[in-house]
Amino acid sequence: VGTSVAEVTHVFSGSGENVRLPCNNALSDCTSTTWVYSRLSESGTVELIAGGKKKNDIERRERLSLGSDCSLNIKKVTQEDYGFYTCQQYVNGRGEQQGTDAPVNLHVLHASSSQTEIRSGSVTLSCQLYSYGVCDTLFRMEELQMIWLNQAGVNLLTDSRYQIFFSSTHCNITLTTTLLNEDHNREWRCQVTQRSQLKASATYTVKYSADHKVCMAAGSIFREIVTTVKIAVFAAPTVILLQIICARRAGRKDSHQPEEIEMPTVLE
């Protein structure tokens, strides 16, 4: 009998994935199993599982389940799920703890954009490892590395089109680039490795706003018109109108002024 703490198990997951937290002190069955949760930003601990059963008064109850080996399963992990989980065994009606605590540190990787609506120009993507503890210490002790990759799996640090900045202080790596037309629906992937082994990944797919897609289409049509004089005579006013609309919408979004568009006159 004792209450000492065993070695911490580190578990990594990308946001949106299902994850399993092992219970390394399980007894013959799970009726004595208790799972508690804590993290630095909150005081005290929250009991998630007691006597092998889920507690009723927890927000994420529907996403939690107890495995047959007493592991804690979490569905569709979010960045809010990161933190310090502890598996404990209580016998004799929770009166006496059996064995040691079995702690698990859950780290959640999440990718996001600096812009709520992606249109054009420069964009910055952020990849954050939500983690319990001091990031510098974690990366040094666990030999972790964070990188950005393209769809082909190539490290973007080798491509001058992208500016990559890593901060071990904040467990964060950013990617900044100027968007091209072909970047619509393109996926960038961030990953965490430990001693060169993949531990977790998170992806971000760029989707342009509807206005920007219309503007791209107008620009494409306009380029084709310029190369074909016969088509330009009849279609140029319509395409120019689209470009005027796009330009004025962009200006309106910046200045929050009402939109006024004058229709061009086509002389016969």
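Predicted, not measured: the structure shown is a model, and the values here were computed from it.

Participant: Describe the sheet that holds strand β12 (residues 144–149), with residues and values.
Facilitator: Pairing is antiparallel in the open sheet, where 3 strands are placed in the order β12-β15-β16. This sheet does not close on itself; its edge strands, each paired only once, are β12 and β16 (197–205). The average angle at which neighbouring strand axes cross in this sheet is 20°, direction not considered. In terms of strand pairing, strand β15 (residues 187–194) meets β16 through 8 bridges, oriented antiparallel. For C190, the partnering residue across the bridge sits in β16 and is A202. Packed onto the sheet, helix α1 (residues 135–142) meets β12 and β15 and runs at close to 95° relative to β12.

Participant: Tell me about the sheet that holds strand β2 (residues 19–21), and please be specific about residues and values.
Facilitator: Taken in spatial order, the 3 strands line up as β2-β7-β6 in an open sheet, and their pairing is antiparallel. The open sheet has two edge strands, β2 and β6 (64–66), and neither has a second partner. Averaged over all pairs of adjacent strands, the angle between strand axes in this sheet comes to 25°, irrespective of strand direction. Strand direction decides the pairing type here: β6 and strand β7 (residues 72–74), joined by 3 bridges, are antiparallel. From the neighbouring strand, L66 faces β7, where its bridge partner is L72.

Participant: Any chance you could break down the environment of V123 for me, citing the residues and the numbers?
Facilitator: Mapped onto the elements of the fold, V123 is located in strand β11 (residues 122–130). Along the primary structure V123 and S113 are separated by 10 residues, whereas in three dimensions their C-alpha atoms are 7.5 Å apart.

Participant: Before we move on, could you go through α1 and cite the residues and values that matter?
Facilitator: Those residues of α1 lying buried are C135, L138, F139 and E142. An end-on view of α1 places all buried positions within 90° of arc, on one side of the element. Of the exposed residues in α1, the ones pointing more than 90 degrees away from its buried face are R140 and M141. Its buried side turned inward, α1 meets β1 (9–14), β10 (102–113), β11, β12, β13 (163–167) and β15. At the C-terminal side of α1, E143 shows a positive phi close to 55°.

Participant: Requested: an account of the pattern of salt bridges, with residues and values cited.
Facilitator: Pairs can form between side chains of opposite charge whenever their charged atoms are close. Using the criterion set out here, one finds 8 salt bridges in the structure. A salt bridge links R161 to D183, with the shortest nitrogen-to-oxygen separation between them at 2.2 Å. With R161 in the loop between β12 and β13 and D183 in the loop between β14 (172–178) and β15, the pair connects residues that are 22 residues apart, well separated along the chain. Overall, the relative accessible area of 22% leaves R161 in the partly exposed class. For D183, a relative accessible area of 0% gives the class buried. Where salt bridges share partners, they join R60, R63 and D81 into one cluster.

Participant: Break down the packing of aromatic side chains for me, with residues and values.
Facilitator: If you walk through the whole model with that rule in mind, you get 5 aromatic pairs. Ring centres of F139 and F166 lie 5.4 Å apart, and the angle between their planes is 55°; this geometry places the pair in the tilted category. Separated by 27 residues along the polypeptide, F139 in helix α1 and F166 in strand β13 bring together distant segments of the chain. Since its relative accessible area comes to 8%, F139 is described here as buried. Under the relative-accessibility criterion, F166 is labelled partly exposed at 35%. The side chain of R60 reaches across the aromatic face of Y37, ending 4.4 Å from its centre.

About the criteria used
- Note on numbering: residues in each chain are counted from 1, in written sequence order.
- With pLDDT at 70 or above as the cut-off, local features in this predicted model cover only qualifying residues; side-chain atom pairs require 80 or more to be listed or tallied, and sums for whole chains, interfaces and linings still use all residues.
- Computation of side-chain values: all heavy atoms of the structure, hydrogens and water removed.
- Two strands form a pair only when DSSP identifies at least two bridges running between them.
- Note on conventions: DSSP H or I runs of at least 4 residues are helices, E runs of at least 2 residues are strands, and numbering of each starts at the N terminus.
- Angles run from 0 to 180 degrees between N-to-C directions of axes, and those axes are lines fitted to C-alpha atoms, restricted for helices to the stretch in contact.
- Contacts are assigned to residue pairs that have any heavy atoms within 4.5 Å of one another.
- Accessible area is worked out with a 1.4 Å probe on protein chains only. A residue is then buried under 20% of its type maximum, exposed over 50%, and partly exposed in between.
- Arc definition: directions from the helix axis to the C-beta atoms.
- A pair is scored as a salt bridge if a Lys or Arg side-chain nitrogen falls within 4 Å of a carboxyl oxygen belonging to Asp or Glu.
- Aromatic rings from Phe, Tyr and Trp, with only the six-membered ring used for Trp, were paired whenever their centres fell within 6.5 Å, and each pair was classed as stacked if the ring planes differed by under 30 degrees, edge-to-face if by over 60, and tilted otherwise.
- In this scheme, Lys NZ or Arg CZ marks a charge over a ring once it lies within 6 Å of the ring centre and within 35 degrees of the ring normal.

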